[in-house]
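Each chain is listed here by its residues.
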Amino acid sequence: MQQYEKVAFIVKNKGVKLILIGWSFLLVAVNLIWLFLDKTPPAWDQSAHLRSIVWFNYFLRGQFWGNFGDLLRVFWGYPPLIYFLGGLWSLVFGIGVAK
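Conventions we followed
- Residues numbered from 1 in each chain as written.
- Predicted model: local features only at pLDDT ≥ 70, side-chain atom pairs only at ≥ 80, totals over all residues.
- Heavy atoms only, no water.
- Phe/Tyr/Trp six-rings, centres within 6.5 Å; stacked < 30°, edge-to-face > 60°.
- Buried < 20%, exposed > 50% of the residue type's maximum accessible area, 1.4 Å probe, protein only.
- Core = buried A, V, L, I, M, F, W, Y, C linked by side-chain atoms within 4.5 Å.
- Contact = heavy atoms within 4.5 Å.
- Patch = residues over 30% accessible without salt bridge, like charges linked within 9 Å, V, L, I, M, F, W, Y side chains within 5 Å.
- Areas by Shrake-Rupley, 256 points an atom, 1.4 Å probe, with all protein chains shown as cover.
- Salt bridge = Lys/Arg side-chain N within 4 Å of Asp/Glu carboxyl O.
- Helix = DSSP H or I, 4+ residues; strand = E, 2+ residues; numbered from the N terminus.
- Expected span 1.5 Å × (residues − 1).
- Arc of directions from axis to C-beta.

A.B. asks: I tried to follow the packing of aromatic side chains on my own but got confused; where do I start?
C.D. replies: Aromatic ring pairs are reported here in terms of the distance separating the ring centres and the angle at which the planes meet. For the coordinates displayed, the defined rule picks out six aromatic pairs. Taking the centre distance of 6.3 Å and the plane angle of 75° together, the rings of phenylalanine 59 and phenylalanine 64 count as edge-to-face. Phenylalanine 59 gets classed as partly exposed once you look at its relative accessible area, which sits at 27%. Among the aromatic residues, those joined into a ring-pair cluster are Phe56, Phe59, Phe64, Trp65, Phe68 and Phe84.

A.B. asks: Whenever I open this one, the nonpolar core confuses me. Can you help?
C.D. replies: Soluble, globular proteins show a tendency: their nonpolar side chains are buried together. Counting seven residues, the largest nonpolar core consists of Ile53, Phe56, Phe64, Leu71, Val74, Phe75 and Tyr83. In contact with tyrosine 83, other than residues within four places in its own chain, are His49, Ser52, Ile53, Phe56, Phe75 and Tyr78.

A.B. asks: It is not clear to me how a nonpolar patch on the surface should be interpreted in this structure. Could you clarify?
C.D. replies: Side chains of Leu60, Leu81, Ile82, Phe84, Leu85, Leu88, Trp89, Leu91, Val92 and Phe93 sit close together on the surface and give an oily, nonpolar patch of about 980 Å² of accessible area. Among the elements that line the nonpolar patch, the one with the most residues is helix 5 (residues 81-93), at nine residues. As for its placement among the helices and strands, leucine 85 is situated in helix 5.

A.B. asks: How should helix 5 be read in this particular structure?
C.D. replies: Because an α-helix completes one turn every 3.6 residues, residues spaced three or four positions apart along the sequence face the same direction. In this model, helix 5 (13 residues) spans 18 Å end to end at C-alpha, consistent with the 18 Å of a helix rising 1.5 Å per residue. Of all the residues in helix 5, the buried ones are Tyr83, Gly86, Gly87 and Ser90. For helix 5, the angular spread of the buried residues around the axis is 105°, confining them to a single face. Exposed side of helix 5, more than 90 degrees from the buried face: Leu81, Trp89 and Val92 are the residues found there. Structurally, helix 5 contributes buried residues whose contacts are with helix 3 (46-61).

Written as structure tokens, this is what we have:
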């Protein structure tokens, strides 16, 4: 089948349409339920980023509680480059308001 024939099949077939619409409604409903039940702060909260920088600082000083794999898991899915740079910055200039 050509690509446009596959799309035409989906558009013309009521069963496939109903399955796609039902699946979409199910995904939206499950996400809304999750958002209603989940009370944890979102990962984009600034404290989560600062905490990850502090953890990287601890890792660079040898005071982190786990290994490098554990460190990568605490970054909430963000790439570790900015945390590495922040960890280096805080290693040089210190952590805290007074430093």
